[in-house]
Amino acid sequence: MFNLFRNEWRKLWAKKSSWILLLIAVVFAGLTAWGMHGLGTGINSTVTSDSLSGASTGAKAFLTIFSSGSSLVSIFAIVMTAIIITEEFAKNTIKLLLTRPYNRHQILCSKFLAALAYLVVSLVVVYLVAILFTGAFWGFGGLNKVVDHGMNTWLYGLVTIAIYVLGNLFYLSVVFVLAAGMRSQGLAITFSILLEFVLSIVTQLLTVLMVNKQWWWIKWNPFNLMSYNPLVGNLKGMPAAASLSGWGWAIGLIIYIAVFYFIADYIFNRRDVSLS
Amino acid sequence: MADTTDYAAVVDHLSKKMHYVQILKDVSFSVGKGRILGLLGPNGAGKTTTLRIMVHLMRPTSGTVTIMGEDVEKDFTKAIMHVGAMIEAPEFYNYLTGFKNLRMLADMSRTAISDADINAVIERVGLANHGNAKVKTYSLGMRQRLGVAQAILHKPEVLLLDEPINGLDPAGAHDFRTLMSDLRDQGTSIVISSHILSDIQSLADDLVVLQHGQVTYQGTMDELISHGTNHLEVTTTKPDETVVILQQMKLQYTRKEDTFDIAVPEGDPHAFQKQLAEALFNTGIPVTTMQLRQASLEDSFLALTKEKGAKANV
C-alpha cells in the first residue's frame, strides 16, 4: 500500500501543473502581503472574527495572507484531485495500475491519500510563506502573542490548517465521486470547481429555510458543516438548536467524507475500463 | 472442462453484454503451459474484450477466467500476480522517463525488482539507449517495446499481449519473435492477439479464432491450415477445351486467358493433381505448367471467417 501511495506522490510532483498551481498560491499570498504592507490597508477588514479584534497587527496580517493563499489551495487541490483519477482514464494509463496485484480499493485509497497529502503540503507551504512575509513586513514578534483560544499565531495557524484540511476533504471526497464516474478530465474539473461556488448559494438557501421553518436538523447538511469554522464559532443570534459544536462539526464532516468516499469506491470498483 | 490447474489460463463460457450489444458469446478456450496461443479474428470480433476480461479490466456478464488455477474474479490479486499484460496500445506516463515508468511499475510488483533488473529488461527489448528519455519523445515502436518490457518485468508465468507487433519495424518484429520464442522455451505461456496473420503463423502453437464474439475455431496451426482450400494453377495450350473438361469434372475455377486457378476439392490434393493431369492428357490437351499452391494461414483464415460469417448471417 505504501508503494502505491509513493507512486502517486511521485507522479503528482512529476507534473509541472502541481508545482505551477502551488507557485500561484504562494505568489498570491505574497501579493496579498505586499499589497497590505505597501498600501497599508486590509488588515482590519480581514477574514478574522470579532474575537480576534485584540490580536496583534502581525497576527491579523498573517491570517489574512494565509487565508488568501489557502483559498486558492482549496481550488487547486480540487483540480489536482480530479486530475489524479480522470487523467489515468483519459490517457489510458489506468490499465497499468489495474493489472497489478492490488485491488481497486487500494488503488483508489492511494490516490485519495496522495490528494490529501497534496492539500496538506500546499497548506503548510502557504502557512510558511505567510509566516515569512509577516515576519519580513511586520516582524516576527507579533506572532508569539496570544490570538484566540489561548493560542499564539503559530499554533492558531496550524489549527486553522487542520480545520481547512477536514473541510476540504469533504470537497475532495465529492470530487472523487465525480472523477470516478467520469472519463472527461475537463468535465470533472469544471463540475468540481462549480461545486465550490454553488456551495455558498446552497448554504444560504438552506440557512434561510432552517431559520424560517425552524427545521434545525438542516444544520447537519454538509454545506452548513463546510461553512462552519469551530475557531470562529456560530453566527451571532443563531438559536442554540441551530448551533454546532466543534465535535459535532468534525464528526458530521467525517461521516459525510466517508459516505462520499465509499460511493466513489463503489463506482471505481464497478467501472469497466472501456475501449479507448 | 479439464482441471484448471492443468492449464496456464482457462477462459470458461465467457459472455459480455454492453449497452444491449452482445460482445462475447460463450467464449471458452484454454492456454497450455509453455505454449503460445494466437488469438485471431477480424476487427470487432472481441479479441481485446476477451483480454480485458482476462485481466479484470472488464467484468464478464457470465463465465469465468482462471489464471494458474486462481479465479480472476474471486481472487484477483493472486491471479494477476502470474500475469504480464499489454492490452491495446501501450500507454505510459509521458512526463516520466522509460526507466522511471518501469521503476514505478516494478514497485507495484510483489517480487523485488532492482534497478539492474529494470535495465536488463530495457536492454532486452532494445531500448538500451532510450531508458532515460521521457516517454513523450518515444516513437510508436519504442512505446511498443516499452509495453513489452513492462509486461515481462516481473517474469510472469502468463503473458497476454494485444497486437504487440503494431508499430514495430521489421527488426523490431524479429526481435519480438525471438523474445517470445525464448520466453516460451523458459516455460512462459503466452497469448498473442493479432490481425497480422503471418506473425501468428510464425509464433503460435495453438490458435483460437473469434468471430462475432464467438469462438469459431480452436486447434493447432496445422489443423487450421488444413481447413483452407488448396489451389491448382494450370496453364494449357487449348484453354477452351480445358474449360469443357473442368466443367465435366464439376470443378470451381477462375480463368485468365490460358491459365486456370482451380480450387482443389477436399481430399488428397496430390491425388487430385494426378487425376486432372490424366484427364487433360487423355483428351489431348497439352499442359504447359501445373502447380499446386497449398493454402496459407491467410487463405484458411479467410475461408473460415467467410464460411462462419455466412452462417452467422443466415
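Enquirer: Give a description of the overall build of chain B that names residues and reports values.
Expert: For chain B, the helix and strand inventory stands at eleven helices and 14 strands. With the C-alpha coordinates of chain B rotated into their principal frame, the extents come out at 75 × 45 × 35 Å. A separation of at least 24 residues holds for 66% of the contacts in chain B among residues at least 6 apart in sequence. Of the roughly 14600 Å² of accessible surface on chain B, 49% is carried by carbon and sulfur atoms. Charged side chains of chain B number 30 positive and 38 negative; the gap between the two group centres comes to 6 Å.

Enquirer: So what's going on with the pairing of strand 11 (residues 231-236) of chain B? Residues and values would help.
Expert: Looking at chain direction, strand 11 of chain B and strand 13 (residues 259-263) of chain B are connected through five bridges and run antiparallel. Note that in strand 13 of chain B the partner of Glu-233 of chain B across the bridge is Asp-261 of chain B.

Enquirer: Pulling in residues and values, what's your account of the sheet that holds strand 6 (residues 83-86) of chain B?
Expert: All names here are of chain B. Strand order in this open sheet of six strands is 6-7-8-3-9-10, and the pairing throughout is mixed. Two strands lie at the open edges of the sheet, namely strand 6 and strand 10 (214-220), each paired on one side alone. Taking each pair of neighbouring strands and ignoring which way they run, the sheet shows an average axis angle of 15°. Sheet topology note: the strand 3 (residues 36-40)/strand 9 (residues 206-211) ladder contains four bridges and is parallel. By the bridge assignment for strand 9, Leu-37 is matched with Asp-206. Packed onto the sheet, helix 1 (residues 47-54) meets strand 3, strand 7 (158-162), strand 8 (189-193) and strand 9 and runs at close to 145° relative to strand 7. Set on the sheet, helix 6 (residues 170-185) makes contact with strand 3, strand 7 and strand 8; between it and strand 8 the angle comes to about 150°.

Enquirer: Would you mind going over the interface of chain B and chain A in detail, with residue names and values included?
Expert: Between chain B and chain A, the residue contacts involve 28 residues of the former and 32 residues of the latter. In this assembly, chain B packs against chain A so that about 2900 Å² is buried in total across both faces, 54% of it on carbon and sulfur atoms. By the criterion of area lost to chain A, the three top residues of chain B are Leu-57, Tyr-95 and Met-108 of chain B, representing 24% of everything that side buries. The interface formed by chain B and chain A contains two salt bridges. With a closest N to O distance of 3.3 Å, Arg-6 of chain A and Asp-107 of chain B form a salt bridge. Remark: the boundary between chain B and chain A carries 13 residue pairs in polar contact (both at pLDDT 80 or more). Contributions of two or more residues to the side of chain B that touches chain A are made by helix 1, helix 2 (76-80) and helix 3 (98-107) of chain B. With four residues, the single largest contributor to the side of chain B that touches chain A is helix 3 of chain B.

Enquirer: Mind laying out helix 9 (residues 239-248) of chain B, listing which residues take part and the relevant values?
Expert: Since one α-helical turn is 3.6 residues long, residues separated by three or four positions face the same way. Residues and elements named next belong to chain B. All of the buried residues in helix 9 are Pro-239, Thr-242, Val-243, Ile-245 and Leu-246. With its buried residues spanning 165° around the axis, helix 9 presents them on a single face. Across from the buried face of helix 9, at angles greater than 90 degrees, the exposed residues are Asp-240 and Gln-248. Of the surrounding secondary structure, the elements contacted by the buried residues of helix 9 are strand 11, strand 12 (253-256), strand 13 and helix 10 (269-282). Where helix 9 terminates, the next one or two residues include Lys-250, which has phi positive at roughly 55°.

Enquirer: Explain the sheet that holds strand 1 (residues 7-18) of chain B to me, using residue names and the numbers behind them.
Expert: Residue and element names in this part refer to chain B. Judged by pairing direction, the sheet is antiparallel, and its four strands sit side by side in the order 2-1-4-5 without closing on themselves. Unpaired on one side and paired on the other, strand 2 (21-32) and strand 5 (70-71) mark the two borders of the sheet. Sheet topology places strand 1 next to strand 4 (residues 62-67); five bridges connect them, and they run antiparallel. The partner of Val-10 across the bridge, within strand 4, is Thr-66. Packed on one face of the sheet, helix 1 meets strand 1, strand 2 and strand 4 and runs near 65° to strand 2.

Enquirer: So what's going on with the packing of aromatic side chains? Which residues, and what values?
Expert: Residue and element names in this part refer to chain A. Scanning the model with the defined rule gives 19 aromatic pairs over all chains in all. For the ring pair Phe-5 and Trp-9, a centre distance of 6.1 Å and an interplane angle of 20° mean the geometry is stacked. In this pair, Phe-5 and Trp-9 both sit in helix 1 (residues 2-14), four residues apart, roughly one turn of the helix. A residue is classified by how much of its surface remains accessible, and Trp-9, at 25% relative accessible area, is partly exposed. Seen in terms of ring centroids, Phe-137 and Trp-138 are 5.8 Å apart; in terms of plane orientation they differ by 85°. Their pairing is edge-to-face. In this structure Phe-137 comes out as partly exposed when scored by relative accessible area, which is 25%. Clustering of aromatic rings is evident, with ring pairs tying together Phe-5, Trp-9, Trp-13, Trp-19 and Tyr-118.

Enquirer: I'd like a rundown of the pairing of strand 6 of chain B, residues and numbers included.
Expert: Residues and elements named next belong to chain B. Of the two faces of strand 6, the one lined by Val-83 and Ala-85 and the one lined by Gly-84 and Met-86 are each fully buried. In this structure, strand 6 lies alongside strand 7, joined through four bridges in parallel fashion. Note that in strand 7 the partner of Val-83 across the bridge is Val-158.

Enquirer: Pulling in residues and values, what's your account of the environment of Arg-59 of chain B?
Expert: Along the chain, the position of Arg-59 of chain B falls in the loop between helix 1 and strand 4. Of the residues examined, Arg-59 of chain B reaches a relative accessible area of 17% and is grouped as buried. If near-sequence neighbours (up to four positions away) are discounted, Arg-59 of chain B is found in contact with Asn-269, Arg-270 and Asp-272 of chain A together with Lys-16 and Glu-73 of chain B. Reaching out from Arg-59 of chain B, the side chain makes a polar contact with the backbone oxygen of Asn-269 of chain A at a distance of 2.5 Å.

Enquirer: Which residues make up the pattern of salt bridges, and what values do they have?
Expert: Residues and elements named next belong to chain B. For the structure on display, the rule yields 18 salt bridges over all chains. One salt bridge in this structure joins Lys-78 and Asp-75, with 3.9 Å as the shortest N-O distance. Since its relative accessible area comes to 44%, Lys-78 is described here as partly exposed. For Asp-169, the salt bridge is made with Arg-145, and the minimal N-O distance between the two is 3.9 Å.

Enquirer: Would you mind going over empty space enclosed by the protein in detail, with residue names and values included?
Expert: Scanning all chains against the criterion turns up two cavities of 30 Å³ or more. Of the volumes computed, that of the largest cavity is approximately 120 Å³. Sorting the residues of the lining of the largest cavity by element identifies helix 1 and helix 3 (57-90) of chain A as the ones contributing at least two each. In terms of residue class, the lining of the largest cavity is made up of six nonpolar, two polar and seven charged. Put simply, the second largest cavity is a space of about 90 Å³. Along the walls of the second largest cavity sit Lys-95, Leu-96, Thr-99 and Arg-100 of chain A together with Ala-85, Met-86, Ile-87, Pro-90, Glu-91, Phe-92, Gly-147 and Gln-150 of chain B, which together make up its complete lining. For the lining of the second largest cavity, the secondary structure elements donating two or more residues are helix 4 (94-98) of chain A together with strand 6 and helix 5 (140-152) of chain B. For the lining of the second largest cavity, the class distribution of residues is six nonpolar, three polar and three charged.

Criteria and thresholds
- Starting from 1, residues in each chain are numbered consecutively following that chain's sequence as written.
- The naming scheme follows written order: chains are lettered A onward, ligands numbered 1 onward.
- For a predicted model such as this one, the threshold for reporting local features is a pLDDT of at least 70, and the threshold for listing and counting side-chain atom pairs is 80 or more; totals across whole chains, interfaces and linings nevertheless cover every residue.
- In computing side-chain values, all of the structure's heavy atoms are included and hydrogens and water are not.
- Runs of H or I in DSSP of at least four residues are treated as helices and runs of E of at least two as strands, each being numbered from the N terminus.
- A contact between two residues is defined here by any heavy atoms of the two lying within 4.5 Å.
- Only the protein chains shown count as cover for residues, and the accessible areas themselves come from Shrake-Rupley with a 1.4 Å probe.
- Counting rule for charge: Lys and Arg are taken as positive, Asp and Glu as negative, and neither His nor the chain ends is counted.
- Every charge is mapped to an atom, namely NZ of Lys, CZ of Arg, CG of Asp or CD of Glu.
- Any two strands with at least two DSSP bridges between them are considered paired.
- Note on method: axes are straight lines fitted to C-alpha atoms, helices fitted across the in-contact stretch only, with angles between N-to-C directions ranging 0 to 180 degrees.
- Defined in terms of a 1.4 Å probe, buried area is the accessible area two parts forfeit on being brought together, summed over both.
- Salt bridges are defined by distance alone: a side-chain nitrogen of Lys or Arg within 4 Å of a carboxyl oxygen of Asp or Glu.
- Nitrogen and oxygen atoms within 3.5 Å of one another constitute a polar contact, given that in protein one can donate a hydrogen and the other can accept it, and given that sequence-neighbouring residues count only through two side-chain atoms.
- To sort residues, take the accessible area from a 1.4 Å probe on protein chains only and compare it with the maximum for the residue type: under 20% means buried, over 50% means exposed, and anything in between is partly exposed.
- Comment: arc refers to directions from the helix axis out to C-beta atoms.
- Here is the rule: rings of Phe, Tyr and Trp (six-membered ring for Trp) pair when centre to centre is within 6.5 Å. Planes less than 30 degrees apart are stacked, more than 60 are edge-to-face, and the remainder are tilted.
- Here a cavity is any set of points on a 1 Å grid over the protein atoms alone where a 1.4 Å probe fits but cannot get out, and a pocket is any open set with protein on both sides within 12 Å along at least 5 of 7 lines; a residue lines the site when it has an atom within 4 Å of a point.
- Grid points are joined across faces, edges and corners, and a volume is the space filled by probe spheres set on the points.
- Nonpolar residues are Ala, Val, Leu, Ile, Met, Phe, Trp, Tyr, Cys and Pro. Charged residues are Asp, Glu, Lys and Arg, and all others, Gly as well, are polar.

Everything listed is a geometric property; what it means functionally is a separate question.
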